[in-house]
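# A structural walkthrough
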Amino acid sequence: MYRIKKSAVAIAASIGLLGGLGIAAPAANAATVKAPAGIPLKCTGSMLVSAPTGQLYQTSLHRSGKVSFKKTVPKLGFAPTFLVNIGSMGGLDYPAWMRATYFAVNKSGVAYFMDVSAYERKGKSTVTKVNSKHKIGPGWQSTKLVTATYDRIFRLASNGKFYSYTSTKTGVSKTQLVFDNASGFTSVVHDRTVGKGSAKADVLLATISNGELREYVIPRKNPRAAKQYTLRPAAAGWGGFTRITTSTCGKKGRIISAALADGRVAMYYDANGSDFKGSDIRGGLTALPKVPAGYRIHSSL
């Protein structure tokens, strides 16, 4: 399987849930606005958006300080319910060539790992090739949220239980319960992996229905021993986001991209993305048009 480590120059990270309702679809490449105040230049970040046709779009923060909603080259053979970009190569600008590994779930609840490459041919048509497609199995239709990295999948089930799955390029080898009740999660993303060997842990960023923005450190050896940090209090109002994703910015910073249920997109800059504190987070809603009705917002690396 083709997987590339997450970086600031990759087409960007992680989850899948219905993005929300909005206005009629803007023309491809037409919507470009300034980034919210507080976000420095030379940072990038994006979220994937899938149309009912399977065509992919991106909401992207560019190094120029602009934010855009544009069509991107891959067109999948189905409209995914959940789509997580585990790793990719290619530019943020369209037209472009790219190759990516996706964790995807179709409307029947069947999950796959997909290795996809795509390019635009002579500025007229897009060619998408599925290099490999490994079926993980059915039963994912009861999923409310999902995020992943190259060797872990995290899933919030409809009954509120939150699971960690050890994944390989052909399936899932181990399932572990992390939380008995995480029904308050409104969005979640895998931000980074820390530690080595038996001390390795996954760091997840989550928005909570009470308005908080939290970070969780989940030890791989014992996921039940997860630690919780509150980055922003309930009064900050992060509970309305139904999608969240991150990308690195400089040596310490990160960009947090988020989407509301009505399809509006926000972007934030966290000057120190690994201090488990959120007092330095700056940003807000962008002036992009709402993501069109019937489209689904996902996440990117």
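Heads up: these notes are all about the structure in this document. Only a predicted model underlies this, so the values are computations on that prediction, with no experimental measurement involved.

As a further point, take the sheet that holds strand 12 (residues 171–179). Taken in spatial order, the four strands line up as 9-10-11-12 in an open sheet, and their pairing is antiparallel. The open sheet is flanked by strand 9 (143–149) and strand 12, the only strands paired with a single partner. Taken over all neighbouring pairs, the strand axes of this sheet differ in orientation by 20° on average, direction set aside. Examined bridge by bridge, strand 10 (residues 152–157) and strand 11 (residues 162–168) share five bridges and lie antiparallel to one another. Residue pairing for strand 11: F154 is matched across the bridge by S164.

Moving on to the sheet that holds strand 18 (residues 253–260). One open sheet accounts for four strands, arranged 17-18-19-20; its pairing is antiparallel. Pairing within the sheet leaves two strands with one partner each, and these edge strands are strand 17 (241–249) and strand 20 (281–285). On average, each strand axis in the sheet is inclined to that of its neighbour by 15°, with strand direction left out of account. Note: strand 19 (residues 265–270) against strand 20, five bridges, orientation antiparallel. Note on strand 20: the bridge partner recorded for Y269 is R282.

Let us look at unusual backbone geometry. With phi around 70°, K42 is a residue other than glycine that occupies positive phi space. Looking at where K42 falls in the secondary structure, it is placed in the loop between strand 1 (31–34) and strand 2 (45–50). Its identity is not glycine, yet F276 carries a phi of approximately 60°, on the positive side. Looking at the secondary structure, you find F276 in the loop between strand 19 and strand 20.

Counting residues in hydrophobic clusters, the biggest one holds 22 residues, and the most contacted among them are I39, V49, L61, V67 and I255. Among the secondary structure elements, those contributing two or more residues to this core are strand 1, strand 2, strand 3 (55–61), strand 4 (66–75), strand 18 and strand 19. The greatest single-element share of this core, amounting to three residues, is contributed by strand 19. Apart from the residues within four sequence positions on either side, I255 is in contact with I39, C43, T44, L61, T245, T246, S247, C249, Y268 and Y269.

Right, let's get into the pattern of salt bridges. Under the counting rule described, the total for this entry stands at eleven salt bridges. The closest approach of N and O atoms between R99 and D115, which form a salt bridge, is 2.7 Å. Of the two residues, R99 sits in strand 6 (residues 98–105) while D115 sits in strand 7 (residues 111–121), which places them 16 residues apart along the sequence. One salt bridge in this structure joins R254 and D191, with 3.1 Å as the shortest N-O distance. On the criterion of sequence distance, the pair formed by R254 in strand 18 and D191 in strand 13 (residues 185–194) is long-range, its members being 63 residues apart. A relative accessible area of 9% places D191 in the buried class. Residues joined by salt bridges that share partners form a network here, namely D191, R192, E215, R254 and D270.

Thresholds applied
- Residues numbered from 1 in each chain as written.
- Predicted model: local features only at pLDDT ≥ 70, side-chain atom pairs only at ≥ 80, totals over all residues.
- Heavy atoms only, no water.
- Pairing = 2+ DSSP bridges.
- Helix = DSSP H or I, 4+ residues; strand = E, 2+ residues; numbered from the N terminus.
- Axes fitted to C-alpha atoms, helices over the stretch in contact; angles between N-to-C directions.
- Core = buried A, V, L, I, M, F, W, Y, C linked by side-chain atoms within 4.5 Å.
- Buried < 20%, exposed > 50% of the residue type's maximum accessible area, 1.4 Å probe, protein only.
- Contact = heavy atoms within 4.5 Å.
- Salt bridge = Lys/Arg side-chain N within 4 Å of Asp/Glu carboxyl O.

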